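Each chain, written out:
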Amino acid sequence: MEAGETRPIRRPLHEVDGQTFKRMIRAGLLWLRRHHHLVNALNVFPVPDGDTGTNMLLTMEAAWQEIAGMPDREIGAVLQRMARGALMGARGNSGVILSQIWRGMAEAMDHRPTMTAEDLARALQEATRTAYRGVMRPVEGTILTVIREASEAAAEALGRGADIVELLEQVVHRAREAVRRTPELLPILKAAGVVDSGGQGLYLILEGMLRDLRGEPVEPEEPTAESLPSGAPVAQALEPGAEGYGYDVQFILVGRNLDVQRIRRDLEAMGDSVLVVGDANTVKVHIHVHDPGRPLSYAVRWGSLRDVVVEDMQAQYEAFIRERAQTPEPPAPRVAPGQVATLVVVPSAGWGRIFESLGASAVLPGGPTMNPSAQQFIERLEALPTDRIIVLPNHPNVMMAAQQAAQLTPGKRVEILPARTLPQGVAAMVAYRPEADLEDNRRAMEEAIGRVRSGALTRATRDAVLEGVTVRQGQWIGLVEDHLVAAGDDLEAVAGKTLEEMGAASAELITLYVGAEAEPDQTASLAEAIRRRYPDCQVEIVEAGQPHYPYILSTE
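On a predicted model such as this, the values are computed, not experimentally measured, just so you know.

How each quantity is defined
- Residues numbered from 1 in each chain as written.
- Predicted model: local features only at pLDDT ≥ 70, side-chain atom pairs only at ≥ 80, totals over all residues.
- Heavy atoms only, no water.
- Core = buried A, V, L, I, M, F, W, Y, C linked by side-chain atoms within 4.5 Å.
- Buried < 20%, exposed > 50% of the residue type's maximum accessible area, 1.4 Å probe, protein only.
- Contact = heavy atoms within 4.5 Å.
- Axes fitted to C-alpha atoms, helices over the stretch in contact; angles between N-to-C directions.
- Helix = DSSP H or I, 4+ residues; strand = E, 2+ residues; numbered from the N terminus.
- Parallel < 35°, antiparallel > 145°, perpendicular 65-115°, else oblique.
- Left-handed = near helix turned anticlockwise from the far one by under 90°.
- 1 Å grid on protein atoms, 1.4 Å probe; cavity = no way out; pocket = protein on both sides within 12 Å on 5 of 7 lines; lining within 4 Å.
- Points joined across faces, edges and corners; volume = space filled by probe spheres on them.
- Nonpolar A, V, L, I, M, F, W, Y, C, P; charged D, E, K, R; others polar.
- Polar contact = N/O pair within 3.5 Å; in protein donor to acceptor, adjacent residues only side chain to side chain.
- Arc of directions from axis to C-beta.
- Expected span 1.5 Å × (residues − 1).
- Pairing = 2+ DSSP bridges.
- Salt bridge = Lys/Arg side-chain N within 4 Å of Asp/Glu carboxyl O.
- Right-handed = clockwise from strand over helix to strand, strands pointing away.

Taken as a class, soluble globular proteins show a tendency for nonpolar side chains to be buried jointly. Phe-21, Trp-102, Trp-351, Phe-355 and Phe-377 are the most contacted members of the largest nonpolar core, which has 134 residues in total. Those residues in contact with Trp-351, other than ones at most four positions away along the chain, are Val-346, Leu-422, Val-426, Tyr-513, Ala-544, Gln-546 and Ile-552.

Here is the structure:
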């Protein structure tokens, strides 16, 4: 709202029913859909697998599909169905926590015909408690902090006699401030120069809900989720408008006497998902546009540009759809009744073949940017002809959905092993014996996980200074488990530093898993360099075809 404007006088809103709440949820979904690429960009590491926005969007889409056709006016019934949809469709850790937030609200509003401001404040408090209980080791500076502070703001507003709109205004304001402060609570966010992505996603959902109550648009130029049938394929939730997604443009503007407010206002007229922050000398810009030349040409009139990034979001969307379309139907489970089964999450068909060759009972496509939902886990678990199952998530962002699915699969004992990387999953499968009992398998496989070190090599998606490593966009970077350890223009040098951090000098076996984006000549040269550096170590090359990471490394 511009200075000097006054908001039109409105009548107090003291309660909402199920249909009004449905409309609010739809608005939250659409507002997140409009900005989910911005959430994806808030990745701590400068790697091309940011997916928090997509995971939260698909979780919200699953929740919406459950209630889209409901005629009920009872808000308790709508929230129960919505929470169930979110629970089953939750993807990634952020999606699982979001589903717990809706579950808490549903429990607080069970059998309630309408929701008052007092009900909303109480529901947000229960949502906070449920979300915190759902995380084994809660960490502040995340989506948990945002929902907690939002619920506190609701209680304070209620004490001042706020109606529902006023209360939600305070909730959204506090959520925005909580997101802004997340780097102060979580040092790795501060080091990376980003805010928490899950918290930002939650803020956008709440903001969309508020915009609906205010009568403000949430997505004026694209088809709305109202047009999606209740059983619409997940990919339709991401479908762009007629002009496509356009381009994601980011840059730093350096100049003198920069007018941040005017720059923000001018850029908002050019595109969506606009983020403009800085001071009179330096301004950081993020914007989605169909013509990337417009914001760049505008910005150079103010000063010089640094760290320009232009990404084709339409191409990214099309690649996502192709990836989903290529997912094959699951083969018949490879385990006999009464044996211990294994369900393994894999990011590519190549990795599926690797794990099947090691005796995996079933595989589930998933991993970076394509996390499986709790429902997909449940379907695979129920299809296995045994009641004792070990799950290997093979990625930290898959853990919570797997755990949620295990709790929702009665009649089967499901163990989720702490395999956070694909090499850890391989090591676990080598120790697996289907005829042994569940406890012996769990113990042997966990011991095997502890004996392997995992690393990865990929290209940096942005400039960064993280964990003492200075990274320039486009450079090779090396990661060991959850740590950035090397960066540079020379792949072999970065690989050497990464392997050194993995303890390769004392290893007996080094395995190089080759991804879809690796070049054959480059791979041959890298393998030879590794053999020269570690002549006493066996070096194996495995074609795995994983996306985003040209090379995954393991040492044993």
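This part takes up the packing of helix α5 (residues 117-133) against helix α7 (residues 164-185). Between two packed helices, what matters for the description is the angle formed by their axes and the separation of those axes. α7 packs onto α5 with a crossing angle of 30 degrees between their chain directions and a minimal axis gap of 9 Å. Judged by the angle between their axes, α5 and α7 are roughly parallel. Once α5 is placed against α7, the crossing between them reads as right-handed. Counting all contacts with α5, which are made through Ala-117, Leu-120, Ala-121 and Leu-124, the residues of α7 involved are Ile-164, Leu-167 and Val-171.

One pass over the structure, following the stated rule, counts three cavities of 30 Å³ or more. Of the voids in this model, the largest cavity is the one considered here, and its volume is about 100 Å³. Those elements that provide at least two residues to the lining of the largest cavity are α4 (92-108), α5 and α9 (197-214). The dominant element in the lining of the largest cavity, judged by the number of residues it contributes, is α9, at four residues. Of the residues contributing to the lining of the largest cavity, the split by class is 12 nonpolar, no polar and no charged.

So, about the side chain of Thr-458. By secondary structure assignment, the location of Thr-458 is in strand β11 (residues 453-459). At a separation of 2.7 Å, a polar atom in the side chain of Thr-458 contacts the main-chain carbonyl oxygen of His-548. For Thr-458, the residues in contact, after removing those within four places along its chain, are Val-47, Pro-48, Gln-475, Trp-476, Ile-477, Leu-479, His-548, Tyr-549 and Pro-550.

The subject of this paragraph is unusual backbone geometry. Unusually for a residue other than glycine, Asn-257 sits at a positive phi of about 55 degrees. Looking at where Asn-257 falls in the secondary structure, it is placed in the loop between β3 (247-255) and α10 (260-268). Although it is not a glycine, Glu-467 sits at a positive phi angle of roughly 50 degrees. Examined against the element boundaries, Glu-467 turns out to sit in the loop between β12 (464-466) and β13 (469-471). Residue classification places Glu-467 among the partly exposed positions, given a relative accessible area of 38%.

With that settled, the discussion passes to helix α14 (residues 374-383). Listing the buried residues of α14 in full gives Ala-374, Phe-377, Ile-378, Arg-380 and Leu-381. All buried residues of α14 project into a common sector of 165 degrees when viewed along the axis, lining one side. On its buried face, α14 sits against α3 (75-89), β7 (341-346), β8 (362-365), β9 (388-392), α15 (399-407) and β10 (413-416).

The end-to-end C-alpha distance of α4, which contains 17 residues, comes to 25 Å, matching closely the 24 Å that a straight helix rising 1.5 Å per residue would cover. In terms of residue burial, α4 counts as a mostly covered element, since 14 of its 17 residues are buried.

The four strands are arranged β8-β7-β9-β10 in an open sheet whose pairing can be described as parallel. Strand pairing shows two members of the sheet lacking a second neighbour, β8 and β10, which therefore form its edges. Within the sheet, the average angular offset between the axes of one strand and its neighbour, ignoring direction, is 20 degrees. When β7 meets β8, the two strands line up parallel, connected through four bridges. Its bridge partner lying in β8, Val-345 is registered against Leu-364. Sitting on the sheet, helix α17 (residues 438-449) touches β7, β9 and β10, and the angle it makes with β9 is about 15 degrees.

Checked against the element boundaries, Ile-67 lands in helix α2 (residues 52-67). Put simply, Ile-67 and Arg-26 are 41 residues apart on the chain and 9.8 Å apart in space, counted from C-alpha to C-alpha. With near-sequence residues (within four places) excluded, Ile-67 lies in contact with Lys-22, Ile-25, Val-78, Arg-81 and Met-82.

We now examine the side chain of Thr-145. On the secondary structure map, Thr-145 appears in helix α6 (residues 143-159). Setting aside its immediate chain neighbours within four residues, Thr-145 contacts Tyr-132, Val-139, Glu-140 and Leu-185.

Throughout the structure, instances matching the rule amount to 28 salt bridges. With a closest N to O distance of 2.9 Å, Arg-420 and Asp-482 form a salt bridge. In this pair, Arg-420 sits in the loop between β10 and α16 (422-430) while Asp-482 sits in the loop between β14 (476-480) and β15 (483-488), placing the two residues 62 residues apart along the sequence. Classification of Arg-420 by relative accessible area gives partly exposed; the value is 36%. As a salt-bridge pair, Asp-463 and Arg-472 come within 3.5 Å of each other at their nearest N and O atoms. Since its relative accessible area comes to 23%, Asp-463 is described here as partly exposed. A single network of salt bridges, built from pairs that share partners, joins Arg-413, Glu-415, Glu-439, Asp-440, Arg-442, Arg-443 and Glu-446.

Another aspect to go through is the pairing of β7. Moving residue by residue along a regular strand, the side chains alternate between the two faces of the sheet. The buried count for β7 comes to six of six residues, which makes it a mostly enclosed element. Alternating positions in β7 separate into two faces, Ala-341, Leu-343 and Val-345 on one and Thr-342, Val-344 and Val-346 on the other, with burial throughout. Of the pairings in the sheet, the one linking β7 to β9 comprises four bridges and is parallel in character. Its bridge partner lying in β9, Thr-342 is registered against Ile-390. After leaving β7, the chain enters helix α13 (residues 349-357) and then returns to the sheet as β8, a path that is right-handed.

Pairing within the open sheet is mixed, and its six strands lie in the order β15-β14-β11-β18-β16-β17. The sheet terminates laterally at β15 and β17 (538-543), the two strands that pair on one side only. With strand direction ignored, the average angle separating the axes of adjacent strands in the sheet is 20 degrees. Two elements, strand β16 (residues 509-514) and β17, share six bridges in a ladder whose sense is parallel. Bridge pairing in β17 places Leu-512 opposite Ile-541. Packed on one face of the sheet, helix α19 (residues 520-533) meets β11, β14, β16, β17 and β18 (551-555) and runs near 160 degrees to β17.

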